[in-house]
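Fold and geometry: a report
These are the residues of each chain, in order.
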Amino acid sequence: MFFFFPIFDSIILLYILVAIIPAIFLLRYIYKMDRVDRESPQLLISLLFLGVAAALASMLLETIGEDVLNALIPDRNSMTYTAALAFLVVAVIEEGTKFLFCALRTWNNPEFDCRFDGIVYMAFTSLGFAAFENILYIFNYGLSVAGPRAVLSVPGHLGFSVAAGALYGRAKQCRDLGRSGLKTLCLILAYAIAVLLHGFYDFCAMRSTAKAGIAFAVFVIAMYIIIILLIREESRNDRYI
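The notes below deal with the structure included here. Each chain has its residues counted from 1, running along the sequence as written. Given that this is a predicted model, residues contribute local features only at a pLDDT of at least 70 and side-chain atom pairs are listed and counted only at 80 or more, while totals for whole chains, interfaces and linings are drawn from all residues. Excluded from the side-chain calculations are hydrogens and water; all other atoms, namely the structure's heavy atoms, are used.

What makes a nonpolar core is a set of buried Ala, Val, Leu, Ile, Met, Phe, Trp, Tyr and Cys residues whose side-chain atoms join them at distances within 4.5 Å. Only protein chains enter the accessibility calculation, which uses a 1.4 Å probe; a residue whose area is less than 20% of its type maximum is buried, one above 50% is exposed, and one in between is partly exposed. One finds I30, V120, Y121, F124, L158, Y168 and I231 to be the most contacted residues of the largest nonpolar core, which totals 45 residues. Taken together, the elements giving at least two residues each to this core come down to α1 (5-33), α2 (41-72), α3 (79-106), α4 (117-141), α6 (153-176), α7 (180-206) and α8 (210-236). Strands are runs of DSSP state E lasting at least 2 residues, helices are runs of H or I lasting at least 4, and numbering of each runs from the N terminus. Residue contributions to this core peak at ten residues, all from α6. Whether two residues touch is decided by their heavy atoms; if any such pair falls within 4.5 Å, the residues are in contact. Apart from residues no more than four positions distant in its own chain, F124 is found in contact with L27, I30, Y31, L44, L47 and L48. Core analysis: the second largest hydrophobic core is formed by eight residues, L69, A84, V90 and I93 among them.

Written out as structure tokens, the structure is:
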């Protein structure tokens, strides 16, 4: 009986490694692009764990949100239900928990002294979320989902966070310059853009139609290109706040 324990442990380790490798690759990329003043390992590691906490909080809140949605819209096959689930439940909650946990840890942190830091903080929180979510999916559905999630779900979370992070960094700059109105606008836009991107991504993925599949493919390719260009541009023009 005990002979099988090492094999069982090896399988668990394999699943975890396969699940987190895409996130590690993207974390390394974001870290290398932070060229002006890199953040401390302690801060970055704490953001990864806060991403996990955000995933756990989202699981609870989404359960409540789905129960409310099911009561309001009984027809789960309708486009209205899918849109509400994608945008108002999943996107609002997941981007909200990530944004909140990240802001609580970083907004008043003295290390938040460069514009690109906003991207770094949001990305590390989101990839902590994505890595944990990926572990759950792979343990539930097996290694067959690892490939699609490595090229879609994990980079997708990064894409949503980079769009928000660029505005988050500008919001901090506006605060330090005394522009409270512009700071608030940047924070609202940061969250709203992440929700819209995430919501549209999930809406297309949830709809089992040819048009939704085409829209999903076009959206993902366009987002990846824009996000890569945004990361490079923000890194190139990074400055102290």
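In this analysis, the expected span of each helix is defined as 1.5 Å times one less than the number of residues it contains. In this model, α4 (25 residues) spans 35 Å end to end at C-alpha, consistent with the 36 Å of a helix rising 1.5 Å per residue. Most of α4 sits inside the fold, with 18 of its 25 residues counted as buried. Remark: G142 follows α4 within two positions and exhibits a positive phi of approximately 90°.

Before going further, it helps to spend a moment on the side chain of T82. Its location among the elements puts T82 in helix α3. Given a relative accessible area of 7%, T82 falls into the buried group. Dropping the residues within four chain positions of it, T82 is found in contact with R76, F203, M206 and R207.

Working definition: rings of Phe, Tyr and Trp (its six-membered ring) pair if their centres are within 6.5 Å, and the pair is stacked with planes under 30 degrees apart, edge-to-face with planes over 60 apart, and tilted otherwise. Applying the stated criterion to the full structure yields eleven aromatic pairs. When the ring of F99 is compared with that of Y191, the centres are 6.2 Å apart and the planes differ by 65°; the resulting orientation is edge-to-face. Highlighted residues: F99 in helix α3 and Y191 in helix α7, separated in sequence by 92 residues. Residue class for Y191 comes out partly exposed when judged on its relative accessible area of 27%. Ring centres 5.2 Å apart and planes at 80° place the aromatic pair F112 and Y121 in the edge-to-face group. For the pair F112 and Y121, a shared accessibility class is recorded, and that class is buried. What links up through ring pairs into an aromatic cluster is the set F99, W107, F112, Y121, Y168 and Y191. A cation over an aromatic ring shows up here: K98 above the ring of F129, its NZ or CZ 5.1 Å from the ring centre. Directly above the ring of Y137 sits R149, whose terminal nitrogen or CZ lies 3.9 Å from the centroid. Whether a charge lies above a ring is judged from NZ of Lys or CZ of Arg, which has to be within 6 Å of the ring centre and within 35 degrees of the ring normal.

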